Amino acid sequence: MIVAKKYLIACLLSFGFYLSYSQPSTDSTLQQATLESCIQYALQHQPVIKQSEIDQLIAERTIRSALSSWLPQISGNYSLQRYLKLPVSLFPNFSNPTSPERIPVTTGVANLSNIQFSLSQNIFNRDVLLASRTADTYRDQARQNLVNNKIDVTVNVSKAFYDLILTQKQVDILDGVIVRLERSLQDATNQYKSGLVDRTDYKRAAIALNNSRAQRKQAQEQIGGKAQLLKQLMGYPPNGELKVTYDTLQLANEVYIDTTQLIKPESRIEFQLLRTQQELLKANVRYNRWAYLPSVSASANYNFVFQNSEFAQLYSRNFPNSLIGLTIALPIYQGGRRVQETRIAELQLQRSQWDLTNLSNTVTTEYRQAMANYKGNLATYRALQENLDLANDVYRVIQLQYRSGVRAYLDVIIAQNDLRTTQLTYFNALYQVLVSKLDVQRALGTVPN
């Protein structure tokens with residue numbers, strides 16, 4: 001009985017373990033894809049962001065690797081040698097010191113083995129000094145690259161999101177147009193059958209209806225391609241379902257931005273990256289100027305030396321030795337290379353200053369162009385808001401007049417076309433003003449990331 005209970009518990013645990021792994025991960029897809037959730041998903045899954053995070057880790061490991069040269073370095077070495085023919089040395093003839101003749105004497109033993117342990121410590125080295133002084137700068141550079149990529153991803157995902165919902169809104173508008181045209185076609189057909197109008201009215205209605213259906217089909221096909229582009233920019237599974245949700249009223253409230261803000265080039269991440277690169281170039285100048293300084297290191301060695309004529313008895317006799325030392329390497333003359341490399345580093349630093357100047361001018365131009373586009377698109381958007389109300393009112397009145405027999409069906413078609421065009425241009429203007437707002441924020445360096 002006890003064995004049966006243990007077996008049942010083991011089965012239940014195994015089944016629960018299986019279910020926990022068989023459940024699909026909810027982190028890989030979004031239930032409702034709002035703009036904020038799409039951006040957050042992209043910042044967590046986009047391959048470029050992941051690569052930048054890995055680059056940050058690589059930079060940290062590289063810094064630690066370079067700084068490890070400040071720590072003591074311990075190494076070991078083992079060697080085993082057997083002389084096939086022993087070396088011969090020439091010694092003076094001690095029996096006849098006045099004779100210039102040298103007597104050949106075989107030295108050493110046939111078998112030799114060394115076990116060596118070495119300890120070295122850098123006291124001063126310009127390479128290691130450069131690594132220690134630029135460690136924080138390299139960390140800043142990796143972090144700024146990550147921030148720069150996050151800004152790019154945020155802007156690109158936002159624009160793709162706006163483009164997708166614009167196309168979806170076009171489909172919704174055309175759906176409404178098709179419903180109205182179907183009703184108008186039915187009205188025109190009934191009036192024709194009643195003898196109130198000729199057949200051209202319902203034929204015009206049929207033409208307009210077919211055109212609208214074709215436009216809707218075209219817009220519907222575009223949704224798939226734009227949704228796939230949004231998935232790519234988000235790092236979203238290509239075959240995963242993405243249900244984009246949005247609030248038109250909220251989008252309309254988000255079109256405004258403070259147009260009195262002043263441009264500050266230093267707030268741009270590109271400017272900060274150039275400043276960081278300039279700091280690294282300054283460190284490179286100092287590095288080349290340190291070329292005349294000596295390299296100082298201390299060392300200690302301990303050697304186990306085993307020698308014996310018989311290989312089997314090689315490790316029975318040990319003749320150890322040890323030493324400590326201090327090494328100072330002083331570059332005296334390098335053929336002018338030190339001067340030239342220092343001058344090259346100074347010129348590279350001077351050139352980077354012009355990069356900053358050029359970026360400042362470019363940022364100012366980008367800001368003014370983006371602000372001009374934003375103000376123009378905002379003015380168009382406001383005008384189309386009024387036009388949309390007018391077009392709706394005109395269509396409603398003319399539709400009622402047509403049903404009362406006061407207006408011709410041609411007036412209904414014209415009003416219908418005006419309403420459809422106004423609706424489409426209104427939402428296109430909303431898209432344009434939202435995109436131009438993003439461009440202004442990017443120029444100001446205020447894009448959230």
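A brief structural summary. The shown structure was predicted, so the numbers you read here are calculated from the model rather than taken from an experiment.

Digging into the overall build of the protein chain
- Check the secondary structure of the protein chain and you find 9 helices and 6 strands.
- For 449 residues, the compact-globule estimate of 2.2 N^0.38 gives 22 Å, and the protein chain exceeds it by more than 25% at 41 Å.
- Burial analysis of the protein chain (449 residues in total) assigns 33% to the buried set.
- Taking all contacts inside the protein chain whose residues are at least 6 apart in sequence as the whole, residues at least 24 apart take part in 81%.
- About 27500 Å² of surface is accessible on the protein chain, with carbon and sulfur atoms providing 55% of the total.
- In the protein chain, which carries 47 positive and 36 negative side-chain charges, the distance between the mean positions of the two groups comes to 6 Å.

Re the sheet that holds strand S1 (residues 73-82)
- What the 4 strands build is an open sheet, ordered S1-S4-S5-S6; its pairing is antiparallel. Two strands in the sheet have a free side with no partner beyond their single neighbour: S1 and strand S6 (321-329). The sheet shows a mean angle of 20° between the axes of neighbouring strands, taken without regard to direction.

Focus on the layout of surface pockets
- There is about 310 Å³ of room inside the largest pocket.
- Around the largest pocket sit 15 residues that line it, and Leu 35, Ile 39, Ser 158, Tyr 162 and Pro 448 are the ones nearest its centre.
- Those elements that place two or more of their residues in the lining of the largest pocket are helix H2 (35-45), helix H4 (126-193) and helix H9 (409-444).
- With 5 residues, H2 is the largest single contributor of residues to the lining of the largest pocket.
- Within this model, the second largest pocket holds a volume of roughly 150 Å³.

Focus: empty space enclosed by the protein
- Scanning all chains against the criterion turns up 2 cavities of 30 Å³ or more.
- Approximately 90 Å³ is the volume attributed to the largest cavity.
- Surrounding the largest cavity, Tyr 162, Ile 165, Leu 166, Lys 169, Tyr 246, Thr 248, Leu 251, Phe 427, Leu 430, Tyr 431 and Leu 434 form its lining.
- For the lining of the largest cavity, the secondary-structure elements that each account for two or more residues are H4, helix H6 (248-253) and H9.

Let's talk about the packing of aromatic side chains
- Scanning all chains against the criterion turns up 7 aromatic pairs.
- The interplanar angle of 65° and the centroid separation of 4.9 Å between the aromatic rings of Tyr 302 and Phe 304 together place this pair among those described as edge-to-face.
- In this structure Tyr 302 comes out as partly exposed when scored by relative accessible area, which is 36%.
- Given the relative accessible area of 26%, Phe 304 is considered partly exposed.
- Its end group placed over the ring of Tyr 287, Arg 126 keeps NZ or CZ at 4.0 Å from the ring centre.
- One residue, Arg 180, lies across the ring of Tyr 395, its end atom 5.5 Å from the ring centre.

Definitions and limits used
- Residues numbered from 1 in each chain as written.
- Predicted model: local features only at pLDDT ≥ 70, side-chain atom pairs only at ≥ 80, totals over all residues.
- Heavy atoms only, no water.
- Helix = DSSP H or I, 4+ residues; strand = E, 2+ residues; numbered from the N terminus.
- Rg over C-alpha atoms; globule rule 2.2 N^0.38 Å.
- Buried < 20%, exposed > 50% of the residue type's maximum accessible area, 1.4 Å probe, protein only.
- Contact = heavy atoms within 4.5 Å.
- Areas by Shrake-Rupley, 256 points an atom, 1.4 Å probe, with all protein chains shown as cover.
- Lys, Arg positive; Asp, Glu negative; His and termini not counted.
- Charge placed at Lys NZ, Arg CZ, Asp CG, Glu CD.
- Pairing = 2+ DSSP bridges.
- Axes fitted to C-alpha atoms, helices over the stretch in contact; angles between N-to-C directions.
- 1 Å grid on protein atoms, 1.4 Å probe; cavity = no way out; pocket = protein on both sides within 12 Å on 5 of 7 lines; lining within 4 Å.
- Points joined across faces, edges and corners; volume = space filled by probe spheres on them.
- Phe/Tyr/Trp six-rings, centres within 6.5 Å; stacked < 30°, edge-to-face > 60°.
- Lys NZ or Arg CZ within 6 Å of the ring centre and 35° of its normal.

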